[in-house]
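Chain residues, written in single-letter form:
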Amino acid sequence: MEKKRKIGVLGSGSGSNMQALLDAIEVGELAAEIVLVMSDNPDGYILERARQAGIPAEVIDCAGYQSKFPDHCQERVGKRLQEAGAEFVCLAGFMRLVKQPLLDVYGGKILNIHPSLLPHFPGLEAWRQAIDAGVAESGCTVHYVDAGMDTGPVIVQRQVPVLQGDTAETLHERIQEQEHIAYPEALKLVFAQSP
Ligand code: GRF
């Protein structure tokens, strides 16, 4: 039997990507186990989803900072992920920039999902950036995390057409459908490359 790879997930919002991973695991498409979910947002629905699935779910205390991810908090998150036995870390709508303290522990093993075809439209609300730029196509990218913002090596991309009449919201919805396919697909590739 294929060995189950242990994953930790960090997110700030609804957690639909984390759910997509859980669903892929459930149907036997992804040989993995989510061992810990952490969120900097105590109200993030991702925590509720995790608890409903019986997965340990913890709030990350960011020492009152609105958007910064202070070093000592990253160290603590790294420690908790290690204690939970996570081999890989999936950022799934996590709104803080991961830097050295966490990269030192999990360098090359942290993945992120971004709602554009990187290197186009890094940063916030990439779907809105795509609408504002008037491009005909956008999509999503799963990539390795390095110290930059949305800059690490690409693992998987999936295209999404921008349709006439699309708003930022309708485009984001369509991109999310592809994200839910792309993330399990990317993890399968990553697992195959790191036996
Ligand atoms: C996704 O669009 C992802 O690409 C971006 O944040 C959103 C998270 O959505 N980084 P969810 O919390 O997984 O539903």
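Note: the structure precedes this text.
Quick notes on the rules
- Residues numbered from 1 in each chain as written.
- Predicted model: local features only at pLDDT ≥ 70, side-chain atom pairs only at ≥ 80, totals over all residues.
- Heavy atoms only, no water.
- Helix = DSSP H or I, 4+ residues; strand = E, 2+ residues; numbered from the N terminus.
- Rg over C-alpha atoms; globule rule 2.2 N^0.38 Å.
- Buried < 20%, exposed > 50% of the residue type's maximum accessible area, 1.4 Å probe, protein only.
- Core = buried A, V, L, I, M, F, W, Y, C linked by side-chain atoms within 4.5 Å.
- Contact = heavy atoms within 4.5 Å.
- Near = heavy atom within 4 Å.
- Polar contact = N/O pair within 3.5 Å; in protein donor to acceptor, adjacent residues only side chain to side chain.
- Areas by Shrake-Rupley, 256 points an atom, 1.4 Å probe, with all protein chains shown as cover.
- Nonpolar A, V, L, I, M, F, W, Y, C, P; charged D, E, K, R; others polar.
- Axes fitted to C-alpha atoms, helices over the stretch in contact; angles between N-to-C directions.
- Parallel < 35°, antiparallel > 145°, perpendicular 65-115°, else oblique.
- Left-handed = near helix turned anticlockwise from the far one by under 90°.
- Salt bridge = Lys/Arg side-chain N within 4 Å of Asp/Glu carboxyl O.

Quick look at the overall build of the protein now. Looking only at helices and strands, one finds six helices and seven strands in the protein. The C-alpha radius of gyration computed for the protein amounts to 16 Å, which stays within 12% of the reference 16 Å derived for 195 residues, consistent with globular compactness. By its C-alpha atoms, the protein is 50 × 45 × 30 Å across when sized along the principal axes. Considering the protein as a whole, with its 195 residues, one finds that 50% of them fall into the buried category.

Take the nonpolar core next. Side chains that are nonpolar tend, in soluble globular proteins, to be buried together. Residues Val9 and Ile34 are the most contacted members of the largest nonpolar core, which totals 41 residues. The greatest single-element share of this core, amounting to nine residues, is contributed by helix 6 (residues 168-193). In contact with Ile34, not counting residues within four places along its chain, are Ile7, Val9, Met18, Leu21, Leu22, Ile25 and Ile55. Within the second largest apolar cluster, 20 residues are counted, among which are Val35, Leu36, Cys62 and Leu91.

This part covers the site of the ligand. Surrounding the ligand, one finds Gly13, Ser14, Gly15, Ser16, Asn17, Gly93, Ile113, His114, Pro115, His172, Gln176 and Glu179. At a separation of 3.1 Å, a nitrogen atom of the ligand approaches a polar backbone atom of Ile113. Between the ligand and His172 there is a distance of 2.9 Å, counted from an oxygen atom to a side-chain nitrogen or oxygen. Within the complex, the protein chains bury 88% of what would otherwise be the 370 Å² of accessible surface of the ligand. Of all the secondary-structure elements, those providing two or more residues to the shell around the ligand are helix 1 (16-26), strand 5 (110-114) and helix 6. Looking at the shell around the ligand element by element, the count peaks at three residues for helix 6. Residues of the shell around the ligand, tallied by class, amount to two nonpolar, nine polar and one charged.

Contact pair helix 1 / helix 6: the axes reach a minimum separation of 9 Å and the direction vectors enclose 50°. Put simply, helix 1 runs oblique to helix 6. As helix 1 packs across helix 6, the resulting crossing turns out to be right-handed. Contact residues: helix 1 offers Ser16, Asn17, Ala20, Leu21 and Ala24, while helix 6 offers Gln176, Glu179, His180, Tyr183, Pro184 and Leu187.

Using the criterion set out here, one finds 11 salt bridges in the structure. Arg80 is paired through a salt bridge with Glu83; the nearest N and O atoms lie 2.5 Å apart. Placement of both Arg80 and Glu83 in helix 3 (residues 71-83) is noted, with a separation of three residues, approximately one turn of the helix. Judged by its relative accessible area of 27%, Arg80 falls in the partly exposed class. Residue class for Glu83 comes out partly exposed when judged on its relative accessible area of 48%. In this structure, Lys109 engages Glu87 in a salt bridge whose closest nitrogen and oxygen atoms are separated by 3.8 Å. Here Glu87 lies in the loop between helix 3 and strand 4 (88-91) and Lys109 lies in the loop between helix 4 (100-106) and strand 5, a separation of 22 residues in the sequence.

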